[in-house]
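Residue-level structure breakdown
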Amino acid sequence: MENSSEPIVHIKHLTKSYHRGEQTVPVLTDITFDIPTGEFIALMGPSGSGKSTLLNLIAGIDKPDSGTLKVGGTDIALLSEGELADWRAANIGFIFQFYNLMPVLTAFENVELPLLLTPLSFKERQERVELALAMVGLSDRMEHYPSELSGGQQQRVAIARAFISDPVILVADEPTGDLDRTAAEEILAILDRLNKEMEKTIIMVTHDPHAAKTAHLIRHLEKGELDVEN
Amino acid sequence: MHFLKLILRNTLRHKLRTGLTILGIIVAIVAFGLLRTVVDAWYSGAEGSSETRLVTRNAISLVFHLPIKYQDRIKKLRGVTEVTHASWFGGVYITEKNFFPQFAIDAKTYFDVYSEYIIPPKELTAFTTDRKGCVIGRKLADVYGLKIGDTVPIRGTIYPGTWKFNVRAIYDGAEAKTDTSQFFFHWDYLNESRKRVIARSARTTDWVGVYAINISEPSRASEISGEVDKLFKNSLAETRTETEKAFQLGFVSMTEAIVVAIRIVSYVVILIILAVMANTMAMTARERTSEYATLKALGFSHHFISGLIYGESMIIAFLGTLIGILLTFPVAAMFSAKVGTLFPVFGVSLETIYMQAIAALLIGITAAVIPAFRSAQVPIVEGLRSIG
């Protein structure tokens, strides 16, 4: 997908607004920035600053009003709904604040979900899922349902699900927002390993300055406009 | 495989809600099946009628009878193979509640014309040689515990007095739809008794209710009917001849409003459960908005999400209908036992089962249409924000 000399995310003059009745609420205004391949970036800002909206746009689950949004060289704003679904399945791994696991599926089955969209055989899927769950330290929890796991364990399952299909980018929306300090540290350590050892580009939205420190680059959003900070 | 697993587990997620919805479908399907069976029973006389049989009655009304001498004249017509007659007796066995039809018949010819009534030859001989003998249907014998040799007292309502008959034969039906709740006795016995009671009253004796005519070619039914009626044109008792089916449907049309009402109620029952089921599926889909959004974010298509909802709806409808259909049989049997011989032929037909299955398909698909469409259309971002 990516050419290492080019940024994995290229954003230029991006704007996004929401409509509430007849009222138009601008969320992102003229955003321009690039994210290099293999970067671990934290997007910070107060509530309503537009950081989650920016993350959603990069992840291809929302569409911009105007501007250029290229991810891995693909202008995703031009893709149809069906093409976007296929594109997300191949390129994006999602980590949500509240884990968003399927409660009726076991940890194994939850992690296996993205692989159902690939032509892999059951045996191949099984090997990959077991490896992924071992990487997040949950080999002994494979047959457990989400309700039988702690918050930290559920988020680790969600992380395994996010990288199981080997996407280029992992997007994490407040991944430690619902966790205690210890569990949050474990999650941040796993994300750091995924970035360093597996060279995943990680884009993380967070309120937590401590979590943001795990990232290599921090960007602040304020009232829909981007500021730069190290 | 995973698709089915997800559907099945989602179906069992809220056991109480799913169970109650299935229970509702079971009740609706049983009620629908029972009501359809009642309607079928209403038409059973017409359905069980023969294509080679015509019925001749008084042109004015069934209340008026026909002279016995017509029998020989009708028999002489080309294409007529046998003619018999029957007269409604309208008596009461013990109490009015014990309703079953009683006919005074021509013992020599009746069972040749109505060959679907199967009587052992010995019993038939016993009946024909006993002027006070009677033939009863198997259902009648079972319901009232009657057997060969028993004496059955019938209190006449049209023909006064208590009439005592000896059970000489029990007939079975050639087919399941054959009415085996009837009671037949000798017209000669009735006629002679009337003669003794009402001496020299020619207008009330030697008359019969209707003639049943066997014809050799069903295609000539209309032609022969016309010939019979022409035969007695401008006579003291003009006739009206029609196929047995048309004759029976004439009775049904008298109670058409009831049949229509039952039909409407049967469809209303399905509509009600459809609304209940649609509500269940709407609640289910609304609760899982966030999960569906997650699946879409992971790359699953709108069709996959719709498939999950349709699948769950179909499983619930299928389970409810399967149990409902299976329960329809014992419930119909209990109903039939309760109403006795009011419905001579009462059985769940294959057509009713098909209609129950179609109703289930309709419920399963229709209930999921709106929830599936809405869930597929909800934008991912909006869906992720929803609280399940």
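The structure contained in this document is the topic of the report that follows. (Residues numbered from 1 in each chain as written. Chains lettered and ligands numbered in written order. Predicted model: local features only at pLDDT ≥ 70, side-chain atom pairs only at ≥ 80, totals over all residues.)

1. With respect to the overall build of chain A
Counting its secondary structure elements, chain A contains seven helices and ten strands. The C-alpha atoms of chain A give 17 Å as radius of gyration, which agrees with the globular expectation for 230 residues (17 Å, within 12%). Each of the three principal axes of chain A carries a C-alpha extent, and together these read 50 × 40 × 40 Å. If you take every contact in chain A between residues at least 6 apart in sequence, the share linking residues at least 24 apart comes to 70%. (Helix = DSSP H or I, 4+ residues; strand = E, 2+ residues; numbered from the N terminus. Rg over C-alpha atoms; globule rule 2.2 N^0.38 Å. Contact = placed C-beta atoms within 7 Å.)

2. Topic: unusual backbone geometry
All names here are of chain A. If you check the backbone angles, H13 has positive phi at about 50° while not being a glycine. As for its position among the elements, H13 is in strand 1 (residues 9-20). Within the chain, E199 stands out as a residue other than glycine whose phi angle is a positive 55°. Looking at where E199 falls in the secondary structure, it is placed in the loop between helix 6 (181-197) and strand 8 (201-205). Among the residues examined, E199 registers 11 C-beta atoms within 10 Å and is labelled exposed. (Buried ≥ 20, exposed ≤ 12 C-beta atoms within 10 Å, placed from the backbone.)

3. What about the nonpolar core?
The tendency in soluble globular proteins is for nonpolar side chains to be buried side by side. Counting residues in each nonpolar core, the largest one holds 113 residues, and the members touching the most others are V171 and I203 of chain A. When residues in this core are grouped by element, the largest group, twelve residues, is from helix 2 (residues 15-42) of chain B. The residues contacting I203 of chain A, other than those within four sequence positions of it, are I35, I41, L43, L55, I58, I169 and V171 of chain A. Listed in part, the 48 residues of the second largest apolar core include V55, I74, F185 and W187 of chain B. (Core = buried A, V, L, I, M, F, W, Y, C linked by C-beta atoms within 7 Å.)

4. Some points on helix 5 (residues 151-163) of chain A
Because an α-helix packs 3.6 residues into every turn, residues spaced three or four apart end up facing the same way. All names here are of chain A. With 13 residues, helix 5 extends 19 Å between its outermost C-alpha atoms, agreeing within 8% with the 18 Å of an ideal straight helix rising 1.5 Å per residue. Counting buried residues in helix 5 gives twelve out of 13 residues, a clear majority hidden from the surface. For helix 5, the full list of buried residues reads G152, Q153, Q154, Q155, R156, V157, A158, I159, A160, R161, A162 and F163. (Expected span 1.5 Å × (residues − 1).)

5. Observations regarding the interface of chain B and chain A
Taken together, the contact pairs 15 residues of chain B with 16 residues of chain A. Broken down by secondary-structure element, the contributors of at least two residues to the side of chain B that touches chain A are helix 1 (2-11), helix 12 (289-298) and helix 15 (380-385) of chain B. Grouping the amino acids of the side of chain B that touches chain A by side-chain chemistry returns five nonpolar, six polar and four charged. (Nonpolar A, V, L, I, M, F, W, Y, C, P; charged D, E, K, R; others polar.)

6. Focus on the packing of helix 5 of chain A against helix 6 of chain A
Residue and element names in this part refer to chain A. Two numbers describe how helix 5 lies on helix 6: the axes approach to 9 Å, and their chain directions differ by 15°. Comparing the axis directions of helix 5 and helix 6 gives the class roughly parallel. For the pair helix 5 and helix 6, the crossing hand works out as right-handed. When helix 5 is examined against helix 6, the residues G151, G152, Q155, R156, I159 and F163 are found in contact with a partner set consisting of A183, E186, I187, I190 and L194. Of the residues that constitute the contact of helix 5 with helix 6, the class distribution is six nonpolar, three polar and two charged. (Axes fitted to C-alpha atoms, helices over the stretch in contact; angles between N-to-C directions. Parallel < 35°, antiparallel > 145°, perpendicular 65-115°, else oblique. Left-handed = near helix turned anticlockwise from the far one by under 90°.)

7. Describing the sheet that holds strand 4 (residues 66-71) of chain A
The strand order across the open sheet formed by four strands is 2-1-4-5 (chain A), and the pairing between neighbours is antiparallel. Edge positions in the sheet fall to strand 2 (23-35) and strand 5 (74-75) of chain A, since each has one partner strand and no second. (Pairing = 2+ DSSP bridges.)

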